[in-house]
Amino acid sequence: MDPISLLLLVLFILFAIAGPWLALSGMRKLANPVPVFLPVLGAVVVLIITFWLSFSGILYGVDVLVGTLSIFSIMFLLVTLAVVIPYCWFWKPGRKREKWFTLSLLAFIGNFMTYFTILDGVRPDRPLPFFGSRFPGSGDLLDLIVSGSGLGEAVYTVHSPFYIVLMMTALWLDVLFLSTVYLGLLSVLPAPAAGQNE
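A few points on the structure. (Residues numbered from 1 in each chain as written. Predicted model: local features only at pLDDT ≥ 70, side-chain atom pairs only at ≥ 80, totals over all residues. Heavy atoms only, no water.)

### Considerations on helix α6 (residues 99-116)
Compared with an ideal rise of 1.5 Å per residue, which puts 18 residues at 26 Å, α6 spans 27 Å between its outermost C-alpha atoms and is within 8% of the ideal. The set of residues buried in α6 consists of Lys99, Thr102, Leu103, Ser104, Leu106, Ala107, Gly110, Asn111 and Thr114. In this fold, the buried residues of α6 make contact with α1 (3-17), α2 (19-28), α5 (64-90) and α9 (161-187). (Helix = DSSP H or I, 4+ residues; strand = E, 2+ residues; numbered from the N terminus. Expected span 1.5 Å × (residues − 1). Buried < 20%, exposed > 50% of the residue type's maximum accessible area, 1.4 Å probe, protein only. Contact = heavy atoms within 4.5 Å.)

Next up, the structure:
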């Protein structure tokens, strides 16, 4: 296994197992219980920083290893925040013991989805693919907005900072939707009785 693949695997495991827990622990130092707007604000800040990094060309001027790890770290962080948002919304005190497994499962699924966002993305001589080819839900919506605004040429060009930010936004929205549905369904189930294994 080459060094980049090995480091990406380590990042994947780290963010899937510890990412949501660390994010929640950090935000709880600011407010407890964590208000929903806090992880949303975090995601917006991450997307703004990503746009700046892409627009400034820093992401393309660094070593391949550093650039790859930076992009995936940003995407894994967005997945983590997408998992934490609905958790803060639906959190119930009686479900403390199942928190780690639930969040890790959703983070694992979201991080796994991240790998599909970069498939078929390198096209040096052709426009980048539509977002809907990677994200059937939010991607189609973003493609509709881009085509309706007439900004397709600016968005789908190679190394477009708009494309990178919209791709990450689509990933965030898809994981947010999946997490919201899962945690919403979980929230309507009765809390386990005290002392019962969860």
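Read on, since the account is not over.
### Focus: a nonpolar patch on the surface
There is a patch of nonpolar side chains on the surface, built from Leu6, Leu9, Val10, Ile13, Ile17, Trp21, Leu22, Trp100 and Phe101 and spanning about 900 Å² of accessible area. Taken together, the elements giving at least two residues each to the nonpolar patch come down to α1, α2 and α6. Among the elements that take part in the nonpolar patch, α1 stands out by supplying 5 residues, more than any other. Along the chain, the position of Trp21 falls in helix α2. Exposure remark for Trp21: the relative accessible area of 41% places this residue in the partly exposed category. (Patch = residues over 30% accessible without salt bridge, like charges linked within 9 Å, V, L, I, M, F, W, Y side chains within 5 Å. Areas by Shrake-Rupley, 256 points an atom, 1.4 Å probe, with all protein chains shown as cover. Salt bridge = Lys/Arg side-chain N within 4 Å of Asp/Glu carboxyl O.)

### Considering the nonpolar core
Grouped together as the largest cluster of nonpolar side chains are 43 residues, with contacts concentrated most on Leu24, Met27, Leu78, Phe131, Tyr163, Met168 and Trp172. Contributing elements (two or more residues each) for this core: α2, α3 (37-56), α5, α6, α7 (138-149) and α9. Apart from residues lying up to four places away in sequence, Leu78 is in contact with Ala43, Val46, Leu47, Met168 and Trp172. Listed in part, the 6 residues of the second largest apolar core include Leu8, Phe15, Phe72 and Phe76. (Core = buried A, V, L, I, M, F, W, Y, C linked by side-chain atoms within 4.5 Å.)

### Comments concerning the packing of α1 against α6
Orientation of α1 relative to α6, taken along the N-to-C sense of each, is 145 degrees, at an axis distance of 7 Å. Touching Leu8, Leu9, Phe12, Phe15, Ala16 and Ile17 of α1 are Trp100, Ser104, Ala107, Phe108, Asn111, Phe112 and Tyr115, all from α6. Here the contact of α1 with α6 is composed, by residue class, of 11 nonpolar, 2 polar and no charged. (Axes fitted to C-alpha atoms, helices over the stretch in contact; angles between N-to-C directions. Nonpolar A, V, L, I, M, F, W, Y, C, P; charged D, E, K, R; others polar.)

### Side note on the packing of aromatic side chains
Each aromatic ring pair is characterised by the separation of its centres together with the angle its planes make. According to the stated counting rule, one finds 13 aromatic pairs in the structure shown. Considering the side-chain rings of Phe51 and Phe162, the 5.3 Å spacing of their centres and the 50 degrees angle between planes classify their relative orientation as tilted. One end of the pair, Phe51, is in helix α3; the other, Phe162, is in helix α9, with 111 residues separating them in the sequence. According to the relative accessible area criterion, Phe162 is partly exposed, its value standing at 40%. Here Tyr156 and Tyr163 contribute two aromatic rings whose centre-to-centre distance is 6.3 Å and whose plane-to-plane angle is 65 degrees, an arrangement assigned as edge-to-face. We classify Tyr156 as buried; its relative accessible area is 8%. A network of ring pairs unites the aromatic residues Phe12, Phe15, Phe72, Phe76, Phe108 and Tyr115 as a single cluster. (Phe/Tyr/Trp six-rings, centres within 6.5 Å; stacked < 30°, edge-to-face > 60°.)

### Details of the environment of Phe55
On the secondary structure map, Phe55 appears in helix α3. For the pair formed by Phe55 and His159, sequence separation is 104 residues and the distance between their alpha carbons is 8.9 Å.

### Notes on the environment of Thr117
Tracing the backbone through its elements, the reader meets Thr117 in the loop between α6 and α7. A residue is classified by how much of its surface remains accessible, and Thr117, at 1% relative accessible area, is buried. In the structure, Thr117 is positioned 53 residues away from Ala170 in sequence and 9.3 Å away in space, judged by C-alpha atoms.

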